[in-house]
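Residue strings, one per chain:
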Amino acid sequence: MTPSRAVRRPPRGAVAWKFLVPLALFAVLVAFLGIGLTRDPKNLPSPLIDKPAPAFSLATLAAPERVMTPADMRGKVWLLNVWASWCAACRIEHPLMVELAKSGVVPIVGFNFKDDPQAARRWLGELGDPYVVSVTDRDGRVGIEYGVYGAPETFLVDRDGVIRFKQVGPITPEVLRDRILPLVRQLQG
Amino acid sequence: MAVALVTSLWMSLALADTATPAAEDPVLEARVAAIAAELRCLVCQNQSLADSHADLAIDLKNQVRQMLRDGRDEAEIKDWMTARYGDFVLYKPPVRRTTWLLWAGPFVLLAAGGVWLARAVRRRRVLLATQDAGRGDAALDAVDAARVAALLGETAGAATPPSDVR
């Protein structure tokens, strides 16, 4: 064997390492896809976090001649819970809302989204009414202002009327205990 | 009484009419469709607003139509949408710090692949050149040279008629 050839041939260790490169790349790909699987594609970051809650002036469900606006809640930390009688997931979430309302920790404003007021009133009569007040957004215009794309959705609004947290989908006991209640206490404190 | 009934009926018909897409203006509809094709339906995430018949998609298309009627342009409408639904609503995400990798990634990979390919080709060319050089020069030792001569002689002997050898 000529010396020039001996130099060209890489040492054994280097050859083995080279074959590991595709495997390593594959492992990285699997890791990324694996992380992707654990994330909920329905859960989108809201651009409204840390922005003032969009103003609205909507008729209340109990008394359509009365109007409620977010300004009415100034000075309070409150939840805006988007619900509808046609929304199956709202039914799942509802007992937790009732329980939270009973605890009196934080007032919940109901946002009745694209619903028939009569059906909505029946729904509350059947399952209990946890809301200090419910407003009706029949055509969904205000819902769009809030970036609502699937009920239930819940916004946590601070004393200055700024949205601090948003939950898309039903609030679970875990989310309530680990995210919402600590934040409520912090904002109230 | 009858007049009131007819009037209310007519009113409800008129209201129903505003809710349906205004097909009478094809230019406006084409613009709505073009913008809706670049916006994502939030409910059915792999469809554009233009393709979707979800309730929210229809509402948002009506919103786009209304904004166009009000004289707002495409950029304003997209800003309006992202202010409410985030960048996710855009099929073409904007270039900024968080999306830089997304935009540049494929080109970086392409460039890296090109560099790797160029180096591999050059290395191979150098390797072949040295092998050719090795064959051409006096690197053959005496034993190899003798074998080559013998083999060449054999072939030559087999290929040529015997009369010529003598």
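This report concerns the structure included in the present document. (Residues numbered from 1 in each chain as written. Chains lettered and ligands numbered in written order. Predicted model: local features only at pLDDT ≥ 70, side-chain atom pairs only at ≥ 80, totals over all residues. Heavy atoms only, no water.)

## As for the overall build of chain B
Next, step 1: Looking only at helices and strands, one finds seven helices and zero strands in chain B.
Next, step 2: Starting at the N terminus, the α and β elements of chain B follow one another as α-α-α-α-α-α-α.
Next, step 3: A burial count over chain B gives 23% of its 166 residues as buried.
Next, step 4: At a minimum sequence separation of 6, the contacts of chain B that also span at least 24 residues come to 47%. (Helix = DSSP H or I, 4+ residues; strand = E, 2+ residues; numbered from the N terminus. Buried < 20%, exposed > 50% of the residue type's maximum accessible area, 1.4 Å probe, protein only. Contact = heavy atoms within 4.5 Å.)

## Focus: the packing of aromatic side chains
All names here are of chain A.
Next, step 1: In the structure shown here, the tally under the stated rule is seven aromatic pairs over all chains.
Next, step 2: Centre to centre, the rings of Trp83 and Trp123 are 4.9 Å apart; their planes meet at 20°, and the pair counts as stacked. With Trp83 in strand β3 (residues 78-83) and Trp123 in helix α4 (residues 117-127), the pair connects residues that are 40 residues apart, well separated along the chain.
Next, step 3: Summarising the aromatic geometry, the rings of Trp86 and Phe113 are spaced 6.5 Å apart at their centres and angled 50° between planes, so their arrangement reads as tilted. Separated by 27 residues along the polypeptide, Trp86 in the loop between β3 and α3 (88-103) and Phe113 in strand β4 (residues 108-113) bring together distant segments of the chain. (Phe/Tyr/Trp six-rings, centres within 6.5 Å; stacked < 30°, edge-to-face > 60°.)

## A word on the sheet that holds β4(A)
All names here are of chain A.
Next, step 1: Strand order across the open sheet formed by five strands is β5-β4-β3-β6-β7, with mixed pairing between neighbours. Looking at strand neighbours, the two that pair on one side only are β5 (133-137) and β7 (163-168), the edges of this open sheet. Adjacent strand axes in the sheet meet at a mean angle of 20° when their direction is disregarded.
Next, step 2: In terms of strand pairing, β3 meets strand β6 (residues 153-157) through five bridges, oriented antiparallel. (Pairing = 2+ DSSP bridges. Axes fitted to C-alpha atoms, helices over the stretch in contact; angles between N-to-C directions.)

## Quick word on α3(A)
Residues and elements named next belong to chain A.
Next, step 1: The sharpest bend along α3 measures roughly 40° and falls at His94, with the proline Pro95 sitting one to four residues further on.
Next, step 2: Buried residues of α3: Cys90, Glu93, His94, Leu96, Met97 and Leu100, and no others.
Next, step 3: Buried residues along α3 sit against β3, β4, α4, β6 and α6 (173-188).
Next, step 4: Two residues or fewer after α3 comes Gly104, characterised by a positive phi angle close to 70°. (Bend = angle between axes of the 7 residues up to and from the residue.)

## Quick word on the pattern of salt bridges
Next, step 1: Going through the model one piece at a time under the given rule, you end up with twelve salt bridges over all chains.
Next, step 2: Put simply, Asp59(B) and Lys114(A) hold a salt bridge, and the shortest N to O gap is 2.2 Å. Here Lys114(A) lies in the loop between β4 and α4 and Asp59(B) lies in helix α3 (residues 55-69), a pairing that spans two chains. For the residue pair Asp59(B) and Lys114(A), the accessibility class agrees, reading buried in each case.
Next, step 3: Taking the shortest distance from any N to any O, the salt bridge between Asp158(A) and Arg164(A) comes out at 2.9 Å. (Salt bridge = Lys/Arg side-chain N within 4 Å of Asp/Glu carboxyl O.)

## Looking at the state of the cysteines
All names here are of chain A.
Next, step 1: In this structure the tally under the stated criterion is one disulfide over all chains.
Next, step 2: The residue that forms a disulfide with Cys87 is Cys90, at a sulfur-sulfur distance of 2.1 Å. One quick way to see it: the torsion about the S-S bond of Cys87 and Cys90 is about 90°, and its sign makes the bridge right-handed.
Next, step 3: Judged by relative accessible area, which is 4%, Cys87 ranks as buried. (Disulfide = S-S within 2.5 Å.)

## Things to note about the interface of chain A and chain B
Next, step 1: Facing 17 residues of chain A, the contacting portion of chain B comprises 20 residues.
Next, step 2: At the boundary of chain A with chain B, the tally comes to three salt bridges.
Next, step 3: Applying the counting rule to chain A against chain B returns three residue pairs in polar contact (both at pLDDT 80 or more).
Next, step 4: When residues of the side of chain A that touches chain B are assigned to their parent elements, the largest contribution, four residues, is made by helix α5 (residues 141-145) of chain A.
Next, step 5: Across the side of chain A that touches chain B, the residue classes tally to seven nonpolar, two polar and eight charged. (Polar contact = N/O pair within 3.5 Å; in protein donor to acceptor, adjacent residues only side chain to side chain. Nonpolar A, V, L, I, M, F, W, Y, C, P; charged D, E, K, R; others polar.)

## A look at the side chain of Arg40(B)
All names here are of chain B.
Next, step 1: One can find Arg40 in the loop between α2 (26-36) and α3.
Next, step 2: Among buried Asp, Glu, Lys and Arg side chains, Arg40 stands out as unpaired, with Asp51 the closest opposite charge at 11 Å.
Next, step 3: Sequence-distant contacts of Arg40, defined by excluding residues within four places in its chain, comprise Gln45, Gln47, Ser48, Leu49, Phe88, Val89, Leu90 and Tyr91. (Lys, Arg positive; Asp, Glu negative; His and termini not counted.)

## Description of a nonpolar patch on the surface
Next, step 1: Side chains of Leu20(A), Leu23(A), Phe26(A), Leu29(A), Val30(A) and Leu33(A) sit close together on the surface and give an oily, nonpolar patch of about 600 Å² of accessible area.
Next, step 2: With respect to the secondary-structure elements, Leu33(A) resides in helix α2 (residues 12-38). (Patch = residues over 30% accessible without salt bridge, like charges linked within 9 Å, V, L, I, M, F, W, Y side chains within 5 Å. Areas by Shrake-Rupley, 256 points an atom, 1.4 Å probe, with all protein chains shown as cover.)

## Side note on a positive patch on the surface
Next, step 1: Together, Lys18(A), Arg119(B), Arg122(B) and Arg123(B) make up a region of like positive charge exposed at the surface.
Next, step 2: For the positive patch, the leading source of residues is helix α5 (residues 100-136) of chain B, giving three residues.
Next, step 3: Examined against the element boundaries, Arg122(B) turns out to sit in helix α5.
Next, step 4: We classify Arg122(B) as exposed; its relative accessible area is 55%. (Charge placed at Lys NZ, Arg CZ, Asp CG, Glu CD.)

## Examining α6(A)
Residue and element names in this part refer to chain A.
Next, step 1: Remark: the principal bend of α6, roughly 35°, maps to Ile180, with a proline, Pro182, within the next four residues.
Next, step 2: For α6, the full list of buried residues reads Val175, Leu176, Ile180, Leu181, Leu183, Val184 and Leu187.
Next, step 3: Where α6 is buried, its residues touch β3, α3, β6 and β7.

## Quick look at the side chain of Asp137(A)
All names here are of chain A.
Next, step 1: Among the secondary structure elements, Asp137 is positioned in strand β5.
Next, step 2: Here Asp137 occupies a buried position and makes no salt bridge, while the nearest side chain of opposite charge, Arg141, is found at 7.8 Å.
Next, step 3: A polar contact of 3.3 Å, which involves the side chain of Asp137, links it to the backbone nitrogen of Val142.
Next, step 4: A distance of 2.8 Å separates a polar atom in the side chain of Asp137 from the backbone nitrogen of Gly143.
Next, step 5: With residues up to four places along the chain from it excluded, the contact list for Asp137 reads Leu58, Phe111, Asn112, Phe113, Lys114, Val142 and Gly143.

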